[in-house]
Amino acid sequence: MFNNNKNKQTAGDDKQTGTDRNGQVEQLLVPDLEQNMERLQRFLGDGADIVCRMLTHRSFPNQRYTLFYMDGIVDGASIGTMLLGLLEDANKVTEDTEGLYTHLIDRSIAVGKIRSATAIEEVGYAMLEGSSVILVEGSLKAILIDTTGGESRSVEEPTSQTVVRGPKEGFTENLRTNTALVRRIIKSPKLRFDYKVIGRETRTNIAVVYLQGIAQDDVVQEVHRRIDQIEIDAILESGYIEEFIQDKAFTPFPLIQNTERPDAACAGILEGQVVIMVSGTPFVLIAPVTFVKFFQSSEDYYQRYDISTFLRFIRVASFFISMLLPSLYIAITTFHQEMLPTPLLISLAAQREGVPFPALVEAFLMEITFEILREAGVRMPRIIGPAISIVGALVLGQAAVQAGLVSAAMVIVVSFTAIASFVIPAVNMGSAARLIRFALMILGGSFGLFGIMSGLMVLLAHMSGLRSFGKPYLLPFSPLIVSNLKDTFIRVPWWAMRKRPIGMSSNRVPNQHRIGGGKRPDPDQEGA
Amino acid sequence: MMKPEISTLQTVAIVINAITPTAVLSVPSATIGFASNDGWISVLIAAAAGVIIAIAMAAICRGNPGLLFVEWIESRLGKTAGILIGFLFGVYYFNAFCMIVRQFANFIADMVLDETPIVMLIIVMVAVSAFSIAHGIEAIARSAALVLLMVIIVIPISIGLNFDDINLKRLLPFFDAGAARIGLATISPILWMSEVSILFIVQPYMKYPKSVMRASVIGSVGSSVQLLVVTVMSVSIFGAEVVRMMSYPLFNTVGIVEVGEFLERIEIFTVSVWGMTMYVKMAVFLFGSVHCFTHALRLKSSTHVLFGISMLAIVTTIVTWPRNTELGQFVIVDSVPFLTLFNLIIPACIAIGLLVTRGKGAEKEAQTP
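All figures in this text were calculated on a predicted structure; none of them were measured in a lab. (Residues numbered from 1 in each chain as written. Chains lettered and ligands numbered in written order. Predicted model: local features only at pLDDT ≥ 70, side-chain atom pairs only at ≥ 80, totals over all residues. Heavy atoms only, no water.)

(A) Just the pattern of salt bridges, in detail. The tally for this structure, following the rule as stated, stands at 27 salt bridges over all chains. Across the pair E222 of chain A and R225 of chain A runs a salt bridge whose closest N-O atoms are separated by 2.6 Å. Taken together, the residues span about one helical turn, with E222 of chain A and R225 of chain A both in helix 6 (residues 217-228) at a distance of three residues. Between R298 of chain B and E74 of chain B there is a salt bridge; the shortest N-O distance is 2.7 Å. Residue R298 of chain B is found in the loop between helix 12 (267-296) and helix 13 (302-320), and its partner E74 of chain B is found in helix 3 (residues 69-77); the two are separated by 224 residues along the sequence. Take E74 of chain B: its relative accessible area is 17%, and that puts it in the buried class. (Salt bridge = Lys/Arg side-chain N within 4 Å of Asp/Glu carboxyl O. Helix = DSSP H or I, 4+ residues; strand = E, 2+ residues; numbered from the N terminus. Buried < 20%, exposed > 50% of the residue type's maximum accessible area, 1.4 Å probe, protein only.)

Set out below in structure tokens:
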């Protein structure tokens with residue numbers, strides 16, 4: 001498809017420059033092929049990866065043309081096909097008026113997506129994105145051929161969100177692959193991909209994906225508005241976008257979900273959420289999102305509802321354990337010993353007898369140690385992993401207790417907290433719990449359970465005020481939407497979830513029904 | 001900026017949390033102190049009166065065409081009256097806030113943190129309340145709804161755990177205290193129930209302002225039910241004579257619970273949930289104060305008002321009641337005219353003013369497209 005470039009040449013002085021839609025001055029192509037080639041190469045910095053091939057057509061022996069492309073970011077097969085088409089072009093020119101430029105477009109180039117350009121900058125940026133370019137002598141337009149490709153990782157199993165039952169495909173760093181993965185799941189004409197380019201230097205491609213009629217129009221518009229407002233030189237990962245478009249900057253809680261699972265992204269799209277894909281990362285963003293979503297895993301919908309509900313409760317409990325257990329231990333052993341059964345109290349007192357630090361300092365020592373071990377585990381080369389495990393488990397755990405630096409009970413508390421923090425399916429929600437844990441430990445160590453209660457009240461007020469793209473974060477609990485409770489910390493069977501979540505998806509009634517004639521399975525009644 | 005919207009359920013939660021947290025502390029002692037084992041009858045009578053007050057308050061609120069409280073009063077009763085009433089309500093909510101903070105701080109100091117300086121407790125409480133306010137009335141309303149959910153879960157559990165100790169025969173004989181003492185015992189709960197007047201401030205933020213009547217009545221009945229449960233449990237577990245000697249009968253009832261032989265002193269969990277209701281109450285009253293002062297004095301930044309009032313509240317709470325007994329005296333005796341004036345007399349004056357200026361209101365509404 002051709003885009004009629006609307007660039008206007010500046011009147012008078014310099015016929016070689018014009019302005020683009022944003023008012024930027026740009027260099028227009030001139031009839032002289034040599035000059036165009038030189039300007040293009042100068043614009044691209046004369047890199048060694050620029051391939052330039054000058055060709056002549058048998059029907060136009062006096063008119064040369066040049067093929068340009070960037071090696072490595074183009075699809076080799078497409079280039080081969082195109083070259084073959086150009087060189088073996090046996091078509092006779094039928095009309096005298098037909099020029100080489102039109103002939104190439106209409107008859108020679110055997111690649112699907114082509115367009116034209118009139119400015120060196122446009123041509124250069126297209127090449128940087130993987131397009132091939134043909135400059136024709138005497139023509140003021142260049143032909144841009146979409147040959148985007150090059151080496152990229154193949155579709156593999158996601159590393160951060162594994163499941164026992166469910167699809168094993170994960171998103172990759174290639175945007176086109178990612179859009180295809182979604183298209184393969186949702187084969188609906190209502191599925192929309194709105195493309196954008198962000199980043200002055202990186203010119204990163206972004207796709208906003210949603211289901212028209214299911215996603216709320218105002219949410220889609222708001223996503224577009226916020227993305228369009230981003231002004232940055234580089235986008236290297238979706239995290240950049242996330243920080244720019246989230247509703248509140250200063251909060252430990254994630255306000256946008258991320259996933260590398262196509263099925264999870266599609267589930268979100270089908271519930272009316274908007275997915276933002278960013279070229280160069282397998283992690284896509286999903287918005288708007290509520291607090292409960294971070295405790296749900298795609299697998300919950302693939303296995304039986306009863307076990308899914310049970311596991312969701314386990315995850316929520318783990319979140320609270322991860323956030324509260326060390327602070328509760330500190331508060332109870334420091335301020336509220338009367339709450340403990342006497343034998344346990346005596347046992348704890350005996351363990352803590354030789355420990356020189358108060359419980360708060362002891363807990364801080366252990367928690368910081370664990371955080372260091374955890375970070376080391378992520379950053380170190382995999383081959384030395386076992387060494388860190390030995391050092392962590394034996395030296396810092398057992399030896400610290402034997403040396404009387406910390407009590408055995410504290411090691412148990414910290415270990416259990418650590419394990420609980422890994423249960424939360426969303427890593428970013430786990431990170432929130434990690435940060436809040438330290439604040440609550442200080443409150444618990446200073447004011448006991450009253451301090452923890454005050455901290456929880458602060459969290460509750462804070463979370464009650466949070467919004468994700470205008471949607472209350474604590475939906476559907478506050479404000480209460482009873483029908484949405486079916487898929488929160490519990491999951492009812494699929495046949496009972498007839499409607500999409502109210503408030504998240506479009507209000508148009510026909511679109512709300514997820515299950516048509518689906519009813520509770522009852523073979524006896526069917527047979528009767 | 002979007003106008004905050006509060007659902008009817010959240011309004012009910014605000015009303016209940018504005019009444020019960022402090023009421024459950026003082027009402028059982030007060031009613032049982034006067035009416036002995038007939039205290040629950042006083043609470044029932046107070047509940048009926050509370051519903052009447054709630055209906056009256058809601059009826060007044062329904063006259064509001066959607067303006068904020070001070071603006072509404074100004075539009076109907078004139079600028080001077082608006083500023084005066086706004087200022088008076090600002091002072092009322094400020095004083096009430098200080099009283100609640102001190103009650104809570106005293107309780108925490110008495111029950112749990114006897115070595116922590118009370119100043120620190122007060123600072124934490126005011127800071128948490130101010131933090132909640134900074135997130136707006138919607139955040140307070142949502143928090144109130146979730147805290148109410150916790151209360152709804154905790155009450156049946158508490159009754160269940162105390163089931164073995166409950167002896168309803170301790171409520172007998174009925175009407176033993178005599179009508180006069182039962183009547184006297186209703187004053188305290190009725191005054192607490194009159195705090196439903198917080199609806200003046202909250203109603204303009206409601207998503208469906210016309211459902212204020214429903215929210216008011218349900219909130220009042222919900223509060224009465226809580227007070228009734230606490231009073232009945234206190235008497236039926238300990239007997240009226242013992243309850244009279246208790247400072248906090250509510251927590252003594254849950255304090256005697258023992259599950260198996262390994263779980264005891266679990267009243268701390270009940271205290272924690274009650275503490276959260278206290279925080280909601282503090283936030284609601286601080287909001288009321290900030291709201292009234294900001295609009296009555298036409299201040300541009302409510303954030304600065306919030307900061308100033310919070311600082312003033314810390315100092316006021318510390319120096320007004322140098323000894324805890326003075327607070328007890330204030331809550332039981334001095335609060336009677338205080339609550340009567342602001343929750344009954346001034347609203348009645350507002351109602352009369354609105355009736356007198358009814359034509360003016362209708363005219364304005366007609367002018368509004």
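(B) The interface of chain B and chain A, seen in detail. At the junction of the two partners, chain B supplies 34 residues and chain A supplies 27 residues. Summed over both sides, the interface between chain B and chain A buries roughly 2700 Å², with carbon and sulfur atoms accounting for 74% of that surface. Three residues stand out in chain B for area buried against chain A, namely R142, L146 and M276 of chain B, and they jointly supply 21% of the buried area on that side. Run the count over chain B and chain A and you get one salt bridge. (Contact = heavy atoms within 4.5 Å. Buried area = accessible area lost by both parts, 1.4 Å probe.)

(C) Quick peek at the side chain of R437 of chain A. Residue and element names in this part refer to chain A. Secondary-structure assignment places R437 in helix 14 (residues 427-465). Here the side chain of R437 touches S322 through a polar contact of 2.7 Å, landing on its backbone oxygen. Residue contacts for R437: discarding those within four places in its chain leaves S322, M323, P326, E367, E371, T417 and S421. (Polar contact = N/O pair within 3.5 Å; in protein donor to acceptor, adjacent residues only side chain to side chain.)

(D) Examining the sheet that holds strand 5 (residues 60-70) of chain A more closely. Residue and element names in this part refer to chain A. Taken in spatial order, the five strands make up an open sheet running 4-5-7-8-6, and their pairing is antiparallel. Strands at the two margins of the open sheet, each flanked by one partner only, are strand 4 (50-57) and strand 6 (114-117). Taken over all neighbouring pairs, the strand axes of this sheet differ in orientation by 25 degrees on average, direction set aside. Relative to strand 8 (residues 142-146), strand 7 (residues 131-136) runs antiparallel, the two sharing five bridges. Along strand 8, the bridge assignment pairs S131 with D146. Sitting on the sheet, helix 1 (residues 33-44) is in contact with strand 4, strand 5 and strand 7, with an inclination near 5 degrees to strand 5. This element, helix 3 (residues 100-108), spans strand 4, strand 5, strand 6, strand 7 and strand 8 of the sheet and lies at about 60 degrees to strand 5. (Pairing = 2+ DSSP bridges. Axes fitted to C-alpha atoms, helices over the stretch in contact; angles between N-to-C directions.)

(E) Inspection of the nonpolar core at higher detail. Formed by 160 residues in total, the largest nonpolar core has its most connected members in F253, M429 and F450 of chain A together with F69 of chain B. The dominant element in this core, judged by the number of residues it contributes, is helix 12 of chain B, at 17 residues. Built from parts of two domains, this core gets at least three residues from each of domain 2 (175-289) and domain 3 (305-472) of chain A. Among all residues touching F69 of chain B, those that are not within four sequence positions of it are I85, F89, F200, I201, P204, H291, C292 and I350 of chain B. (Core = buried A, V, L, I, M, F, W, Y, C linked by side-chain atoms within 4.5 Å. Domains from an automatic or database assignment.)

(F) Quick peek at the pairing of strand 7 of chain A. Residues and elements named next belong to chain A. In terms of burial, strand 7 is largely enclosed, as six of its six residues are buried. Of the two faces of strand 7, the one carrying S131, V133 and L135 and the one carrying S132, I134 and V136 are both buried. Note: strand 5 against strand 7, four bridges, orientation antiparallel. Bridge pairing in strand 7 links F68 to V133.

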